[in-house]
Amino acid sequence: MDLDAVRTFVAAADAGQFQDAATALSITQQAVSKRIAALEKDLQVRLFNRTARGAQLTIDGQTFLPHARELLRVEARADASVRPGRRALRVDVHSRRIAPAVLLQDFHRAHPRIELDVVTLDADVHAAMAAVEAGAVDATFHAVPIPVRHLPDGIRTARVIDEHHELLVGPRHALANARAVTPAQLAAHRIWMPGMAPGTEWADYYDELAAAFGLTIDLVGPVFGNEALLAEIADSAELATFAGERTRYLWPDSYDLRRIPVREPAPIYPMSLIWRDDNPHPALATLRDHLDSRRVRAPDTEVWLPTWVS
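Residues numbered from 1 in each chain as written. Predicted model: local features only at pLDDT ≥ 70, side-chain atom pairs only at ≥ 80, totals over all residues. Heavy atoms only, no water.

### Structural notes on helix H2 (residues 18–25)
Step number 1: Every buried residue belonging to H2 is among Phe18, Ala21 and Ala22, and all of these are buried. Angular distribution of buried residues about the axis of H2 spans 100°; they occupy a single face of the element. Exposed and facing more than 90 degrees away from the buried side of H2 are Thr23 and Ala24.
Step number 2: Of the surrounding secondary structure, the elements contacted by the buried residues of H2 are helix H1 (3–15), helix H3 (29–43), strand E1 (48–51) and strand E2 (54–57). (Buried < 20%, exposed > 50% of the residue type's maximum accessible area, 1.4 Å probe, protein only. Helix = DSSP H or I, 4+ residues; strand = E, 2+ residues; numbered from the N terminus. Arc of directions from axis to C-beta. Contact = heavy atoms within 4.5 Å.)

Structure (structure tokens):
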């Protein structure tokens, strides 16, 4: 069904005159007549009776009118669902537990009138960047171990999160009562991070971190999810894992898990916002400004960063 013809029918029904409908739609009266005639032919009914006083709806026209209005409402909702500036700002956070999701929730609290569509792409930086490039998402958060000159044309990045590490251990672990630990202290302990896919930016980061401080990061074991990992750590005197400072975990009180800051130096996982520079969504600039204003920059003398961070 021709929606322009449906729109013209609704305008004529509201106006009661083809000429007034033509004025409202910025087309000629002849065009109104042609569209109405084509719609009547398609529906195989008369929608209007033409009289000296104007155009009056037939019984079929009166029956069709509420459905015609609903067709136009559906069209408007469909258009708004994907058109930048009308649809929600679509942002990938990779996981709803980690720092980007926390910051995006903070953004929503600060700007509650901006509609957000929070998605979790199961993707590394390259696949997520391709989603941004294709317009599937407006922005994504990832560590970017890629020189600027090697980024795809039109892709922009800005470092917005410097995420500190915490050691997550159970109550029987040797470091359970420590107020803070250094990377050097962790060299004698097993850091368990099962399921970390090789070749991803986070695997590259932890490879470099392990080499820098002589850490043993164990990837062995099936992945049963975060809840199972927390249960294993709570029950072990040897297992530990890393968690981001703003990563959200929930566990039963009986686990008595400890989150211990890693300091002197503090390893930093750097995350950037990635977007396309020609993206017209008006909320994107607001998000970028918000993230920049919330970024906490630690003194360089206290942190460790991977070599690919400029």
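### Observations regarding the pattern of salt bridges
Step number 1: Applying the stated rule across the entire model yields 18 salt bridges.
Step number 2: Between glutamate 70 and arginine 73 there is a salt bridge; the shortest N-O distance is 2.9 Å. Residue glutamate 70 and its partner arginine 73 are both found in helix H4 (residues 59–82); the two are separated by 3 residues, about one turn of the helix.
Step number 3: The exposure class of arginine 73 is partly exposed, given its relative accessible area of 42%.
Step number 4: Put simply, arginine 156 and aspartate 277 hold a salt bridge, and the shortest N to O gap is 3.0 Å. Pair noted here: arginine 156 is in strand E6 (residues 155–169) and aspartate 277 is in the loop between strand E11 (266–276) and helix H9 (282–294), with a separation of 121 residues, a long-range link.
Step number 5: The class of aspartate 277 is partly exposed, set by a relative accessible area of 43%. (Salt bridge = Lys/Arg side-chain N within 4 Å of Asp/Glu carboxyl O.)

### So, unusual backbone geometry
Step number 1: Here glutamate 264 and proline 265 are connected by a cis peptide whose omega angle stands at -5°.
Step number 2: Non-glycine residue histidine 94 carries a positive phi angle of around 65°.
Step number 3: The backbone of aspartate 256 shows a phi angle near 55°, a positive value even though the residue is not glycine.
Step number 4: When you line up the elements, aspartate 256 lands in the loop between strand E9 (239–244) and strand E10 (258–261).
Step number 5: Taking relative accessible area as the criterion, aspartate 256 reaches 36% and is therefore assigned partly exposed.

### As for the side chain of threonine 8
Step number 1: Looking at the element boundaries, threonine 8 is found in helix H1.
Step number 2: In this structure threonine 8 comes out as buried when scored by relative accessible area, which is 0%.
Step number 3: Looking at threonine 8, its side chain comes within polar contact range of the main-chain oxygen of aspartate 4, at 2.8 Å.
Step number 4: The contacts of threonine 8, once residues within four sequence positions are left out, are Leu25, Val32, Arg35 and Ile36. (Polar contact = N/O pair within 3.5 Å; in protein donor to acceptor, adjacent residues only side chain to side chain.)

That's the geometry; what it means functionally is another story.
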